[in-house]
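Residue-level structure breakdown
Residue strings, one per chain:
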Amino acid sequence: MKISADTNILVRALTGDDARQSARARAALADADIVALALPALCELVWVLSRGYKTPSADIAEAIRRLMNGATVVANRPAVEAGLAMLEAGGDFADGVIAYEGSWLGAEVFLSFDEKAVRLMQARGEKARLLS
């Protein structure tokens, strides 16, 4: 079966916080012929793990890399890597994904009210501007 994993499946598989659901989630991921990891699900996953579970960014990045290394996983890998680069630099995974997808869609600059996001983008050599 080819599946698209919802955020709650990923959370259960990674956290093990509900024994029954976690076992079912892990089995479903392991048994799938294809596991599609949509960018919104990964953005939500990072938010839930960081805010709800207080998981350190380095541990979240490691968990996402483990997911991405699964033989049956398909995802927009360059966008995920952009998100991971932001997360590992101390920023938000979603900002990296948004900037990558915006560029892919033809945008020339990442625009935000978030000073930290703009600073981190610029430090990576990306065009970013603070709207103040």
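Refer to the structure presented above.
Below you will find a few notes about this structure. Given the structure is predicted, the values throughout are model-derived calculations rather than measurements. (Residues numbered from 1 in each chain as written. Predicted model: local features only at pLDDT ≥ 70, side-chain atom pairs only at ≥ 80, totals over all residues. Heavy atoms only, no water.)

Comments concerning helix α6 (residues 93-104)
In an α-helix, one turn spans 3.6 residues, which is why side chains three or four residues apart end up on the same side. For α6, with 12 residues, the first-to-last C-alpha span of 17 Å sits near the 16 Å given by 1.5 Å per residue. Among the structural elements, α3 (39-52), α4 (57-68), α5 (77-88), β4 (110-112) and α7 (115-123) are those in contact with the buried residues of α6. One or two positions beyond α6, positive phi appears at G106, with a value near 110°. (Helix = DSSP H or I, 4+ residues; strand = E, 2+ residues; numbered from the N terminus. Expected span 1.5 Å × (residues − 1). Contact = heavy atoms within 4.5 Å.)

Structural notes on the nonpolar core
L10, V35, L37, L45, I64, V80 and F93 are the most contacted members of the largest nonpolar core, which totals 28 residues. Of all elements in the fold, only α1 (7-15), α2 (19-31), α3, α4, α5 and α6 reach the threshold of two or more residues within this core. Looking at which element gives the most residues to this core, the answer is α3, with 6 residues. Residue contacts for V80: discarding those within four places in its chain leaves L39, L42, I64, M68, A75 and F93. Among the nonpolar cores identified, the runner-up in size contains 8 residues, and A117, V118, L120 and A128 belong to it. (Core = buried A, V, L, I, M, F, W, Y, C linked by side-chain atoms within 4.5 Å. Buried < 20%, exposed > 50% of the residue type's maximum accessible area, 1.4 Å probe, protein only.)

Considerations on the sheet that holds strand β1 (residues 2-4)
Pairing between the strands of a sheet is mediated by backbone hydrogen bonds and can be parallel or antiparallel. The strand order β1-β2-β3 describes an open sheet built from 3 strands, whose pairing is parallel. In the strand order of this sheet, the two ends are held by β1 and β3 (73-74), each with one partner. Inspection of the sheet shows β1 paired to strand β2 (residues 34-36) by 3 bridges, in the parallel sense. In the sheet register, K2 faces β2, and the bridge partner there is I34. (Pairing = 2+ DSSP bridges.)

Considering the side chain of T7
Following the sequence through the fold, T7 ends up in helix α1. Overall, the relative accessible area of 6% leaves T7 in the buried class. Residues contacting T7, with those up to four places away along its chain left out, are A41, E44 and L45.

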